[in-house]
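Inside the fold
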Amino acid sequence: MKRLFLAFAVPALVVTSPALAGISKNSRVPAGAALLIGGSTPKGIDIDGQNRSKVPVEMSVESDGERRFVRTLAPRERFVQYIRADETIVLRNLSDGERATIYWHVSGYSKQANPRIEPTAP
């Protein structure tokens, strides 16, 4: 009976694991630069995270080339933001001289989250 269970349970775990996989990362963002996530997922995603630095970080959402201010994250402040498939979250380091560390997590479509650093303000 135990072998029969394993014969069905193990393949089921292998098949479902990629769907449950996510990505969590600490991204270092240089002074004045921004971390961009999204813009290429087939559906909307939830992004949760935390400003793990001593400097404020501005959060915006970009869609159709325009950015909409959401809020400013104080040091150590957490966030949760939903973005549609055609949107990108923009987390800009507001410091002139200190690097920001931003922890972020995406659970769905993590391989298509497309995290990248934008060096300067557009």
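Note that the coordinates shown come from a computational prediction; the quantities given were computed from them, not determined experimentally.

Now for the pairing of strand β4 (residues 57-63). For β4, a buried count of five out of seven residues is recorded, marking the element as mostly surrounded by other parts of the structure. With seven bridges joining them, β4 and strand β5 (residues 66-73) adopt antiparallel strand pairing. Looking at the pairing, M59 lines up with R71 of β5. Counted between consecutive antiparallel strands, the loop separating β4 from β5 contains two residues, among which D64 sits at a positive phi close to 55°. Pairing analysis gives six bridges linking β4 to strand β7 (residues 88-93), with the strands arranged antiparallel. Looking at β7, one finds that E58 is bridged to R92.

Before going further, it helps to spend a moment on the environment of E66. Note on placement: E66 falls in strand β5. Under the relative-accessibility criterion, E66 is labelled exposed at 61%. Taking the C-alpha atoms as reference points, E66 and E87, separated by 21 residues in sequence, lie 9.9 Å from one another.

Our focus in this paragraph is the pattern of salt bridges. Following the criterion strictly, the structure yields six salt bridges and no others. With a closest N to O distance of 3.2 Å, E87 and R84 form a salt bridge. Taking the relative accessible area as the measure of exposure, E87 reaches 7% and is therefore buried. What makes R84 partly exposed here is its relative accessible area of 41%. Across the pair R92 and E118 runs a salt bridge whose closest N-O atoms are separated by 2.4 Å. Placement of R92 in strand β7 and of E118 in strand β9 (residues 116-118) is noted, with a sequence separation of 26 residues between them. On the basis of relative accessible area, R92 is assigned to the buried category, the value being 9%. A single network of salt bridges, built from pairs that share partners, joins E62, R67, R92 and E118.

What counts, and at which threshold
Residues numbered from 1 in each chain as written. Predicted model: local features only at pLDDT ≥ 70, side-chain atom pairs only at ≥ 80, totals over all residues. Heavy atoms only, no water. Buried < 20%, exposed > 50% of the residue type's maximum accessible area, 1.4 Å probe, protein only. Helix = DSSP H or I, 4+ residues; strand = E, 2+ residues; numbered from the N terminus. Pairing = 2+ DSSP bridges. Salt bridge = Lys/Arg side-chain N within 4 Å of Asp/Glu carboxyl O.

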